[in-house]
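Chains, contacts and geometry: an overview
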Amino acid sequence: MTTSVPSSPTAPTSQPESDAQAAGPGSNAQAARPESNAQAAGPGEPVVIGGQLVSTNPVTGAEVGRFPIADADAVAQAVRRARAAQVWWHELGFAGRKKRLLAWRSLMTARLDELIELMHAEGGKTRADALVELAPALSHVAWSARNARRVLRTRRVRGTLVLPEFSASVEYQPYGVIGVIGPWNYPINTPMGSIAYALAAGNAVVFKPSEYTPAVGQWYVDRFAEVVPEHPVLQIVFGLGETGAHLVKSGVDKVAFTGSPRTARKIMAACAETLTPVLIEGGGKDAMIVDVDADLDAAADAAVWGGMTNAGQTCIGIERVYVAAPVYDSFVDKVAARARAVRVGTEPTADIGPITMPAQIEIIRRHIEDALARGARAVVGGSEAVQPPFVHPTVLVDVPEDAAAVREETFGPTLTVTKVDDVEEALRRANASAYGLGGAVFGRRRALRLARQMRSGMVSVNGVLTFAGFSSLPFGGVGESGFGRIHGDDGLREMVRPKAIARRRMRSPLPTTSFTRSPRQVRLIERVVRLVNR
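The following refers to the structure shown. (Residues numbered from 1 in each chain as written. Predicted model: local features only at pLDDT ≥ 70, side-chain atom pairs only at ≥ 80, totals over all residues. Heavy atoms only, no water.)

1. A look at the overall build of the chain
Our working rule: Numbering of helices and strands starts at the N terminus; helices are DSSP runs of H or I of at least 4 residues and strands are runs of E of at least 2. Each radius of gyration reported is based on C-alpha atoms, and the globular scaling rule is 2.2 Å times the count of residues to the power 0.38. Partly exposed residues are those whose accessible area sits between 20% and 50% of the maximum for their type, while under 20% is buried and over 50% is exposed, using a 1.4 Å probe and protein chains only. Throughout, a residue-residue contact means that at least one pair of heavy atoms, one from each residue, lies within 4.5 Å. Accessible surface area values rest on a Shrake-Rupley calculation with a 1.4 Å probe, where residue burial reflects the displayed protein chains alone. Under the convention used here, Asp and Glu are negative, Lys and Arg are positive, and both His and the chain ends fall outside the count. Charge positions are represented by NZ for Lys, CZ for Arg, CG for Asp and CD for Glu.
Helices and strands together make up the secondary structure of the chain, namely 16 helices and 25 strands. A compact globule built from 534 residues would reach a C-alpha radius of gyration of about 24 Å, and the chain, at 26 Å, matches this within 12%. Over its C-alpha atoms, taken along the principal directions, the chain stretches across nearly 90 × 60 × 40 Å. Looking at the chain as a whole, 57% of its 534 residues qualify as buried. Pairs at least 24 apart in sequence give 72% of the contacts found in the chain among residues at least 6 apart. Carbon together with sulfur atoms contributes 52% to the accessible area of the chain, which is approximately 21600 Å² in total. Looking at charge distribution, the chain has the averaged site of its 61 positive side-chain charges lying 15 Å from that of its 53 negative ones.

2. Let's talk about unusual backbone geometry
A cis amide bond, omega 5°, links P388 with the succeeding residue P389. By secondary structure assignment, the location of P389 is in the loop between strand 16 (386-387) and strand 17 (390-391). Not every positive phi belongs to a glycine, and N462 is a case in point at roughly 55°. Along the polypeptide, N462 turns up in the loop between strand 22 (460-461) and strand 23 (478-479). Phi at L465 takes a positive value of approximately 60°, unusual for a residue other than glycine.

3. As for the packing of aromatic side chains
Which entries qualify depends on this criterion: The rule is short: rings of Phe, Tyr and Trp, with Trp giving its six-membered ring, pair when the centres are within 6.5 Å, and they are stacked under 30 degrees, edge-to-face over 60, tilted in between. Two conditions define a charge located above a ring, namely a distance within 6 Å from the ring centre to NZ of Lys or CZ of Arg, and an angle within 35 degrees of the ring normal.
Summed over the entire model, instances satisfying the criterion amount to seven aromatic pairs. On the numbers, 4.9 Å between centres and 40° between planes, the contact of F67 with F238 is tilted. With F67 in strand 4 (residues 63-68) and F238 in the loop between strand 9 (234-236) and helix 7 (241-248), this pair connects stretches of sequence that are 171 residues apart. We note that F67, like F238, is buried. When the centroid spacing of 5.9 Å and the interplanar angle of 25° are considered together, the rings of F207 and Y220 count as stacked. Remark: Y220 occurs in helix 6 (residues 214-227) and F207 occurs in strand 8 (residues 204-208); sequence separation between them is 13 residues. Neither F207 nor Y220 differs from the other in exposure class; each is buried. Cation over ring: K125 sits above Y186, and NZ or CZ is 4.2 Å from the ring centre. The aromatic ring of W219 is capped on one face by R223, whose charged end is 4.9 Å from the ring centroid.

4. What about a positive patch on the surface?
What counts is decided by this rule: Exposure above 30% relative accessible area and the absence of a salt bridge qualify a residue for a patch, where like charges join within 9 Å and nonpolar side chains (Val, Leu, Ile, Met, Phe, Trp, Tyr) within 5 Å. By definition here, a salt bridge exists when the distance from a side-chain nitrogen of Lys or Arg to a carboxyl oxygen of Asp or Glu is within 4 Å.
Together, K98, R146, R149 and R153 make up a positively charged patch on the protein surface. Position of R149 among the secondary structure elements: in helix 4 (residues 127-152).

5. Let's talk about a nonpolar patch on the surface
On the surface, a nonpolar cluster with roughly 280 Å² of combined accessible area is contributed by L161, L531 and V532. Checked against the element boundaries, L161 lands in the loop between strand 5 (155-157) and strand 6 (166-174).

6. A word on the nonpolar core
The condition that has to hold: We define a nonpolar core as any set of buried Ala, Val, Leu, Ile, Met, Phe, Trp, Tyr and Cys residues linked to one another through side-chain atoms lying within 4.5 Å.
Counting 151 residues, the largest nonpolar core has W104 and F331 as the members making the most contacts within it. Examining the composition of this core, we find that 11 residues originate from one element, helix 4, more than from any other. Not counting the four nearest positions on each side in its chain, W104 is found in contact with V141, M192, I195, L199, Y220, R223, F224, V227 and L234.

7. Comments concerning the sheet that holds strand 8
Threshold: For two strands to be treated as a pair, DSSP must find no fewer than two bridges joining them.
With mixed pairing, the six strands of this open sheet are ordered in space as 9-8-7-10-11-24. In the strand order of this sheet, the two ends are held by strand 9 and strand 24 (482-483), each with one partner. Bridge analysis of strand 11 (residues 278-281) against strand 24 gives two bridges, and the strand direction is antiparallel. Each bridged residue has a counterpart across the sheet, and for I280 the counterpart in strand 24 is F483.

Structure follows, in structure tokens:
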């Protein structure tokens, strides 16, 4: 089905607070219907029936699959199996792991249509959105497999004149078992940024997918088992937030989490009890800056796609746009025209599909209505854009900076477009967010300087989201967007412990590390210290 785009807003009403993120202990977004209320669940809402998690299509409610809920014992058993499997996997070496990871990538590619159909059935993604997600996901598998040796091989480091009898080297040793908790909005690409790099580095992985997309997670874990049948190197556990809590406390050696900052704090608190390291991606509220010398057609096209691809359910999606005053009116007209042309629905011709998580719809509605109630104008869409399970494109102008649509992560196909006196004001406003994941700058003369000054982990210049298309670039944020990096060299190093080794290669000419040193030798040591530190 494809639905029409609404043109005018209705009177705003207040909406309750809700958590927009998925996957992890303590998150409201993890709550599914218990068995007794299973019949009351709407399309797309996960339900638990007979100890199984039931996944359904967010539009039709058609059942996609049933998956066994993992309790604490089941999670612990998975981690124990993973620990044993990891020894074998690590001993394969870089070449052995590379061969198997590339075979996994090839098998998934050969069955791409099957996976796209599943992503559409479970999450409502359009074919184009699924392909945009799958391209980098598959690339991550290949890149991490091909580059793990270069990045993680043992390397010699320079010695010191104070200890000339020793050589020095650094080894990168896998943690062991990595626990990965994934989101629902990009159920393969986002987890793969941790899973593929962890595997390439020699770790085993226990993966807990979002309860909204368990079938997609099961699919690619099953494909891995086809090419690595010997040991359970990559396992999957299903459930709600409680299962995520079990995984965090199961004795894994590191946790990689994508979700809300609120849930991230709960995970960090649990990990703190055992000093388990964590890698956090906590979402974003990405801004675009449009300078006076920008290509306005390209900037408008990028803003609409960057804000509305995947129905706006993108952590690095553009949600705020700050435009220099001389080009503001022209830019808004171009954005509005493009946003009105976005097709919404489930037909093959649709540009964006439904909102995957039903509870997110009310957050989007609240943000739109709050902005309108406080004097904003909807040049496209508005309150009537919210037509569950769909949300149509909405472009808001004159939105106060302290409105929810500017301060909070909306996660829907909406944009706020704000006029500023100059790009210095745009930069200040862009950086005023508690989030700091990605961003974009359109312009010529000042674009690179502005990109460097944006408070974010990543920026695209005269493009949007393009940094995510490079497996070689690190991905991560600052502030409420989390810490640590996936992808690239940094992503591989996140999955290992560096180990320093100093090895004696001859007798000590100066016994600096022995009480047998004589007064004369102490004087010689002093001379060396002074010499090397002049």
